[in-house]
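# Structural characterization, general
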Amino acid sequence: MAETICLFEDPQYVNLLPLAYTRPVYDVRCGMTTLREKIQRSYPRAQLVLLCRPYLAEVVRQQNPGVAVNELHEAVSLFLNGRILADDQLARTIPLRGDDTMYLAGDKFVAVRIGNGKKGSVRDIDDVIHAEHFVELPRRAVDVTLIDYPWDLVKRNGEELRNDARRRRRSGRTAIRGKLYPGVHLINKKDIFIGEGTMVKPGAVLDAEAGPIVIGRNVMIMPNAVIEGPAFIGNGSLIKVGAKIYGNTTIGERCKVGGEVEASIIHGFSNKQHDGFLGHSYVGMWCNLGADTNTSDLKNNYGTVRVFVNGKEIDSGSQFVGLTMGDHSKSGINTMFNTGTVVGVSSNVFGAGFPPKFIPSYAWGGAEGLATYDLEKSLEVARRVMARRNVTMTEADERLLRKVFELTRHERIRMRNEQEKILFAQSSPEEKHKP
């Protein structure tokens, strides 16, 4: 019987919201791949079981046919936290076989190995796995990196792009298979990988001196675009005329990207087609940034950026933090996002001035005020957007978005309460004392 590993979510998934509202934590991107793909690469012969929050299970099954989701088998003995950023040593650090052990990185719950007959404590869990379920097991300290916040993904993206490209080179996938038109400039060609069906038009510059550039299949790089490594462009994406893609940037599959992008992750199926700056940001799926949308990623006083996480504002400890945007959200033309702004799922942001630094899921508006985005209208827009990529919204997709609307109701209640406080503070003394 093949050995099996199981990826799980722990209670700290809340710190990866809003990205984690619509996916398990192991399906966020860093470098060329997701966290799940990196972990699987460490255990190539092991079968996979996925644990996730129950409301995500239907979509996770849809995306992973043939993989057991929220179903445990007797073969499972090694449970791995889905927030692990796996390196080449993970399988040596936490081997498939061994004694029953709980693995910790400091106080962070990394993994647990449990023998047959002890899985009841896992089967009884309805949501996430806590370290407290395994307090009776021996503990072992390990040097393993876990992703705690969205900006960790962005901060580590350049290093992971280099690591992923190095692994790709070891596998022998190094050829330039696409079509290069006359006038294309390749700098440090040995670190540039271009997939089949990709076209790079005249005047484009691919500069891999600072790091590798990996371009997938059927990508269009339009004239005069500049891409600096390390960078990754996913299958079927379009890089617009004159685009400036700086290093440490990941652009997922079937995106359309123009303007200026630096040190950012665009998960996939999202658009930033026009001029405007996106820096040190993570943009989810099915998003659209309108023309001249700009993100600030550095404060004028060069201090560390504070970000709203799970209802609290915390110090990121980082000087560079831009936008975190959940799936299906949009910005109108000339939108300006302040440093460390968080936009939830399926929100529509527009208007003059800087909108709030935290915009709830299913919000509509901007600096002048926010209202609830009607759920049925938002679903209809999502269907249209997906259809433009020849993707049909399934019933499972729709149920997930409806569930997220329910889960984020408290965010919009808090938004309304805060707006009422501001209006009250700005009102005249006579208005304040009205009965």
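Here goes a summary of the coordinates provided.

Parameters and conventions
Residues numbered from 1 in each chain as written. Predicted model: local features only at pLDDT ≥ 70, side-chain atom pairs only at ≥ 80, totals over all residues. Heavy atoms only, no water. Helix = DSSP H or I, 4+ residues; strand = E, 2+ residues; numbered from the N terminus. Rg over C-alpha atoms; globule rule 2.2 N^0.38 Å. Buried < 20%, exposed > 50% of the residue type's maximum accessible area, 1.4 Å probe, protein only. Contact = heavy atoms within 4.5 Å. Areas by Shrake-Rupley, 256 points an atom, 1.4 Å probe, with all protein chains shown as cover. Lys, Arg positive; Asp, Glu negative; His and termini not counted. Charge placed at Lys NZ, Arg CZ, Asp CG, Glu CD. 1 Å grid on protein atoms, 1.4 Å probe; cavity = no way out; pocket = protein on both sides within 12 Å on 5 of 7 lines; lining within 4 Å. Points joined across faces, edges and corners; volume = space filled by probe spheres on them. Nonpolar A, V, L, I, M, F, W, Y, C, P; charged D, E, K, R; others polar. Core = buried A, V, L, I, M, F, W, Y, C linked by side-chain atoms within 4.5 Å. Arc of directions from axis to C-beta. Pairing = 2+ DSSP bridges. Disulfide = S-S within 2.5 Å. Phe/Tyr/Trp six-rings, centres within 6.5 Å; stacked < 30°, edge-to-face > 60°. Polar contact = N/O pair within 3.5 Å; in protein donor to acceptor, adjacent residues only side chain to side chain.

Tallying secondary structure elements over the protein gives ten helices and 39 strands in all. Relative to the globule expectation of 22 Å for 435 residues, the C-alpha radius of gyration of the protein, 23 Å, shows essentially globular dimensions. Seen through its principal axes, the protein has C-alpha atoms that stretch 70 × 70 × 45 Å. Across the 435 residues of the protein, 54% fall into the buried class. Long-range contacts, defined as pairs at least 24 residues apart, comprise 45% of the intrachain contacts of the protein with a sequence gap of at least 6. As presented, the protein carries roughly 19,300 Å² of accessible surface, and 49% of it is formed by carbon and sulfur atoms. Charge separation in the protein, taken as the distance between the mean sites of 58 positive and 51 negative side-chain charges, equals 4 Å.

A separate point is the layout of surface pockets. Put simply, the largest pocket is a space of about 1,200 Å³. If you go around the largest pocket, you meet 50 residues; those closest to its centre are Arg29, Thr34, Glu37, Glu253 and His267. For the lining of the largest pocket, the secondary-structure elements that each account for two or more residues are β3 (33-34), α1 (35-42), α2 (57-63), α6 (157-170), β12 (192-194), β15 (213-215) and α8 (395-407). For the lining of the largest pocket, the element with the highest residue contribution is α2, accounting for four residues. Each residue belonging to the lining of the largest pocket can be placed in one class, and the counts come to 18 nonpolar, 16 polar and 16 charged.

Core analysis: the largest hydrophobic core is formed by 62 residues, its most contacted members being Tyr43, Leu80, Ile94, Val110 and Leu153. Setting aside residues no more than four positions away along its own chain, Ile94 makes contact with Tyr43, Leu78, Leu80, Tyr103, Val110, Ala111, Arg113 and Val144. In terms of nonpolar packing, the next biggest core, distinct from the first, is built from 36 residues, Ile192, Leu206, Ile233 and Phe337 among them.

What follows deals with α1. Since the α-helix packs 3.6 residues into each turn, any two residues three or four apart lie on the same face. All of the buried residues in α1 are Leu35, Arg36, Lys38, Ile39 and Ser42. Projected down its long axis, α1 carries its buried residues within an arc of 160°, all on one side.

Moving on to the pairing of strand β24 (residues 265-268). Where strand β21 (residues 249-251) and β24 come together, two bridges link them in parallel fashion. What sits directly across from Ile251, in β24, is Ile266. Bridge analysis of β24 against strand β27 (residues 282-285) gives three bridges, and the strand direction is parallel. Counterpart to Ile265 in the pairing with β27 is Tyr282.

Let us now look at the state of the cysteines. Tallied over the entire structure, the rule returns zero disulfides. With no disulfide of its own, Cys255 has Cys287 as its nearest cysteine by sulfur position, at a separation of 9.5 Å.

Glancing now at the packing of aromatic side chains. All told, the structure shown has eight aromatic pairs when counted by the stated rule. A ring pair is formed by Phe350 and Trp364, whose centres lie 5.5 Å apart and whose planes are at 75°; its orientation type is edge-to-face. Here Trp364 lies in strand β38 (residues 363-366) and Phe350 lies in the loop between β36 (348-349) and β37 (358-359), a separation of 14 residues in the sequence. Trp364 gets classed as partly exposed once you look at its relative accessible area, which sits at 38%.

A few words now on the sheet that holds strand β26 (residues 277-279). The six strands are arranged β11-β14-β17-β20-β23-β26 in an open sheet whose pairing can be described as parallel. Looking at strand neighbours, the two that pair on one side only are β11 (185-187) and β26, the edges of this open sheet. Relative to strand β23 (residues 260-262), strand β20 (residues 244-245) is paired through two bridges, and the arrangement is parallel. Residue Lys244 lies in a different strand from β23, and its bridge partner there is Glu260.

A few words now on the sheet that holds strand β4 (residues 47-50). Judged by pairing direction, the sheet is mixed, and its seven strands sit side by side in the order β5-β4-β1-β6-β8-β7-β9 without closing on themselves. This sheet does not close on itself; its edge strands, each paired only once, are β5 (68-69) and β9 (139-141). Bridging between β4 and β5 involves two bridges; their strand directions are parallel. Across the sheet, residue Val49 finds its bridge partner in β5, namely Ala68.

For the rest of this paragraph, the subject is the side chain of Arg29. In this structure, Arg29 sits in strand β2 (residues 29-30). Judged by its relative accessible area of 8%, Arg29 falls in the buried class. Within the structure, Arg29 has its side chain in polar contact with the side chain of Glu253 (distance 2.3 Å). Non-local contacts of Arg29, meaning those with residues more than four positions away in its chain, are made with Thr34, Leu153, Phe232, Thr250, Gly252, Glu253, Ile265, His267 and Tyr282.

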